[in-house]
Each structure stands twice: as structure tokens, then as C-alpha cells.
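Each chain, letter by letter, is given below.
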Amino acid sequence: MAKKVIDYAKLVIPGGQATPAPPVGTALGPKGVNIMEFVKAFNAKTQDQPGVLIPVELTVYADRSFTFITKTPPASYLIKRAAKLDKGSAEPHTVKVAQLTKAQVQEIAELKMVDLNAHTVEAAMRIIAGTARAMGITVES
Amino acid sequence: MSETHYYELEIDCPQFSHELLTSVLQDIGFSGFIPKNDHLLTYIHQLKWTPTQADRLSAFLSTLTETGVLPELHWRIHAADGTDWVNRWRRALGAVHAGEHFVIVPPGVDYTPQPEEITLNIEPRMAFGTGDHATTRMALALLEPHAESAERVLDLGCGNGVLLLGALLKGAKQGIGIDNEEESFQESRENLESHGLQERAEIIHGDALHFSLDSIFDLIVANILYLPILEGLPNWTVHASENSCLILTGIEANEGRSRLDELTRELGWKVEREMIEQEWFAARYFLRRP
């Protein structure tokens, strides 16, 4: 028989580097989830993506056991990866740190269209390009 | 007592914008996120929250507004709920037994040890090794029969030092623990001292995979993860000699272990015992060079 689901939780945390500090403890403690068990299992599953932000969705069952699934990293991470940056610009207005091609913007837009709530690829591309600019990354026009 | 010293940042924003904000907030120093329908919660250690970081946050949010990607976003920052959930969870479990004679007892839990039992008084904090994880218990069980005769123990990724402590209390003469996390470094040192073992062991704050020590160890334990184990094992083997005992865990039981089997064979480690508990794998090896 399927186990009874009592709760859900969503988190976005760095792959391979989760700790019981907030937000993990904050989100899972009140639900009665064994925090250390989750941390070890999540880090094991994401150890090949150290430091990469990974959205994770937990299902908590009546016996306090849990399962979780991981999703693709957020668009802002994909922008940084496409631009081969560790970090965005500390002063995005004045200091431009990289440039993306239109094809790169389109690729991220297509992958993330649904998550961005965009109805067309063009709309998603505008969001990606605007976010890139806010990170100090220019987009080829 | 451990207290959490975190600030909680709450940004009012539409759900899709989490995709855009999270990675940049991570650069600023925020550690992780709880996405909600109409806002985003994130956390930063109070020492990392400086005026510079606040300026970066404001600059980023206002640029997003100027480029027309998002409406003006309002945010608030305040002290995060300081409840120590790890401690609360662990205490509810009471004393935890591992192997034949080990008992891990958190403060505040009454426990009268039986004759021959070895008590590890460990306060559950941020570092790994509270005893509520199957890998900690399996590693203690596997090291127990070999600790008494060990001259030198090496604990890789020592967390709060629970395995090193267990080995020393069981009779191992000296030991070294290595961990790159600040919390683990602090907690393992405090645990050595509270058990009166600081003369017999030291903790190194550093890389547990690539290090060079001027000693050979006859008992080596590593409760980390599969990929770091594969990366560290060749160097660990340099610090072992014929008949050294190696205990590995932190590996998910359903993970294919062919690379581990291959590597241990190549380096001369013969597997002697394997265990599986709650979907986690642990094994004990001995070095038998051809």
C-alpha cells in the first residue's frame, strides 16, 4: 500500500554541500524529518555538482520518512555557466564581466520557458537577457 | 550550547523570479533558499552580512527593475529562527548503540552504561556524526574489533570526530582527524578534549583527500561520499602499510560500486566484510600487496 503523504517541502540548495544550517533545518525540522539523513542523501546524490544550486522537492510521509527529487539548476546559474563565470559582476551597472551570444540566451530560454512562466521563447529570452544584464553580462544584439 | 546566528531575508517576488534571483544571491553570500508562492526566503550567516553585501543586493534588485525584467521588489531582513532542530531531533532518539559496545549519548539524555560499554558523549551540532545516521553506526561497528591493536588511526572527513573518538576509547594509541569544514574542526577538537583525548590525537583543518603526513596508519576510516572516496583513496593508501585496516562508508547502497571495486583491487585492498543498513553501504578492507 502506498504510504500516506503528510507534507511537501521545496528548497534550493548547493549540490554536495548542504548542511543542517538554515534553510535545511528551518524547512525540515518542523516537519519532523531527520535532517542529517536528508543532508547526507542529498549530498550523495549531487556530489558531482558541488556548489551548484539545485532545486529539490521533498515528500514527507506519515511515518516521517521522506523521498526527494532534484531539478535543473536555476536560470541565473545557467547564465553564469554559459558566460563561464564563477560570479556575476559586483557592480553590474558599470562593470561588464562577460558576454553571451543570442544562441546561448535562446538555449537557456528554451530549457527554462516553463519555469519562467513565459508563453513564448521570445518572452523567455527577454527575461534571460534582462537577468544577464543585471548580473553585469552583456548580450550580443 | 550551539546557537544559530543567521539572518533571514524575505523578498516579495513572483515565483518565476526565483530562477533569476537565487544564483546571484548565492554569490552575495546567501546559503540556500525556500521558494514560496509570492516570496522567497533565504539565509545568510550574520558575519557575512555587511554593508557591502546589502549594497550589492540593492544594486542587483534595482537593475532587474530597470531592465524591465521584474517589478520593484521589496525585501526585509531579520534574525532567523534559532531553533536547534538537529539537537532536538537527536535528543528525541535518546542513546544510540553502535557495534558491540559503543553507545552515543547526547547531553540531557540519562543513560547508565552496562559493563564494557563505551560511552561517547556527543552533543549534536552542525558537524556530521551524531549517531543517528546508519553510516556512523556501521563505521563504528566495523572499526571496533580492530581499534584496540591500532597504533595510529586516521579519520578522513572526521565531522565531529565520533569515529576517531570511538577508536581511541577502544584502545587505539594515537590518531589524526582531518576535515575541511570549520564546524567539524571546532566540534571534533572540543569532543577530543571533553573525553580527555587531546594528548593522543590532533585534528587538522584541511583537505582530507590531498594531504601529506609523515606517518603510516594501521587503521584508516572515511565516512564521506563516493566520489571523494575514489579521489582520496590513492593518497590514503600511501599512508598505509601491509595489513592496515581501511573502513569506507558514506556510499549509497544502490550506487554502482564497480569503480570502487576496481580501485581497491588495483591498490591492494582486499575486502573482508561488507554491510548495508538503511540503503547505505560500508566495507572493511585490509592492505595485502602482492
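Since the model is a prediction, treat every value here as computed from it, not as a measurement. (Residues numbered from 1 in each chain as written. Chains lettered and ligands numbered in written order. Predicted model: local features only at pLDDT ≥ 70, side-chain atom pairs only at ≥ 80, totals over all residues. Heavy atoms only, no water.)

Enquirer: For this particular structure, what's the right way to read the interface of chain A and chain B?
Expert: Much of the literature gives interface size as the accessible area that the parts lose upon coming together. The partner chain B presents 48 residues to the 53 residues of chain A that form the contact. The contact between chain A and chain B buries some 4,100 Å² in all, and 64% of this surface belongs to carbon and sulfur atoms. Among the residues of chain A in contact with chain B, Met36(A), Lys40(A) and Gln47(A) are the three that bury the most area, contributing 17% of the side total. The partner of Lys112(A) in a salt bridge is Glu19(B), and the shortest N-O contact between them spans 3.1 Å. On inspection of chain A and its partner chain B, the count reaches 18 residue pairs in polar contact (both at pLDDT 80 or more). At the level of elements, β1 (5-14), α1 (24-28), α2 (35-45), α3 (75-82) and α5 (121-134) of chain A are the ones that each hand at least two residues to the side of chain A that touches chain B. A class-by-class count of the residues in the side of chain A that touches chain B yields 26 nonpolar, 15 polar and twelve charged. (Contact = heavy atoms within 4.5 Å. Buried area = accessible area lost by both parts, 1.4 Å probe. Salt bridge = Lys/Arg side-chain N within 4 Å of Asp/Glu carboxyl O. Polar contact = N/O pair within 3.5 Å; in protein donor to acceptor, adjacent residues only side chain to side chain. Helix = DSSP H or I, 4+ residues; strand = E, 2+ residues; numbered from the N terminus. Nonpolar A, V, L, I, M, F, W, Y, C, P; charged D, E, K, R; others polar.)

Enquirer: Can you help me understand the sheet that holds strand β5 (residues 96-98) of chain B in this one?
Expert: Sheets are built from strands paired through backbone hydrogen bonds, the pairs being either parallel or antiparallel. Residue and element names in this part refer to chain B. Spatial ordering of the open sheet is given by β5-β6-β7, a layout of three strands whose pairing is mixed. This sheet does not close on itself; its edge strands, each paired only once, are β5 and β7 (118-121). Direction aside, neighbouring strands of the sheet carry axes that sit 25° apart on average. Examined bridge by bridge, strand β6 (residues 102-105) and β7 share four bridges and lie parallel to one another. (Pairing = 2+ DSSP bridges. Axes fitted to C-alpha atoms, helices over the stretch in contact; angles between N-to-C directions.)

Enquirer: What is the right way to read the packing of aromatic side chains from this model?
Expert: Within a pair of aromatic rings, the relevant descriptors are the distance that separates the centres and the angle that separates the planes. Scanning all chains against the criterion turns up six aromatic pairs over all chains. Taking the centre distance of 6.3 Å and the plane angle of 85° together, the rings of Trp49(B) and Trp75(B) count as edge-to-face. Of this pair, Trp49(B) sits in the loop between β3 (39-45) and α2 (51-66) while Trp75(B) sits in strand β4 (residues 74-79); the two residues are 26 residues apart in sequence, bridging distant segments of the chain. Given a relative accessible area of 18%, Trp49(B) falls into the buried group. Directly above the aromatic system of Phe128(B) lies the positively charged group of Lys40(A), at a separation of 4.4 Å from the ring centroid. Of note, Arg88(B) hangs over the ring of Trp85(B), and the distance from its end group to the ring centre comes to 4.7 Å. (Phe/Tyr/Trp six-rings, centres within 6.5 Å; stacked < 30°, edge-to-face > 60°. Buried < 20%, exposed > 50% of the residue type's maximum accessible area, 1.4 Å probe, protein only. Lys NZ or Arg CZ within 6 Å of the ring centre and 35° of its normal.)

Enquirer: Hey, could you run me through helix α1 (residues 18-28) of chain B in this one?
Expert: Each α-helix turn comprises 3.6 residues. Residues three or four places apart therefore point the same way. With ten of its eleven residues buried, α1(B) lies for the most part within the structure. Immediately downstream of α1(B), the backbone of Gly29(B) shows phi near 130°, a positive value.

Enquirer: Sorry if this is basic, but what is going on with unusual backbone geometry here?
Expert: Leaving glycine out, the prevailing phi sign among residues is negative, and the prevailing peptide bond configuration is trans. Residue and element names in this part refer to chain A. A cis amide bond links Pro22 to the next residue, Pro23, at an omega of 10°. With respect to the helices, strands and loops of the structure, Pro23 is situated in the loop between β1 and α1. For Asn117, which is not a glycine, the phi torsion comes out positive at approximately 65°. Structurally, Asn117 can be placed in the loop between α4 (102-112) and α5. For Asn117, a relative accessible area of 57% gives the class exposed.

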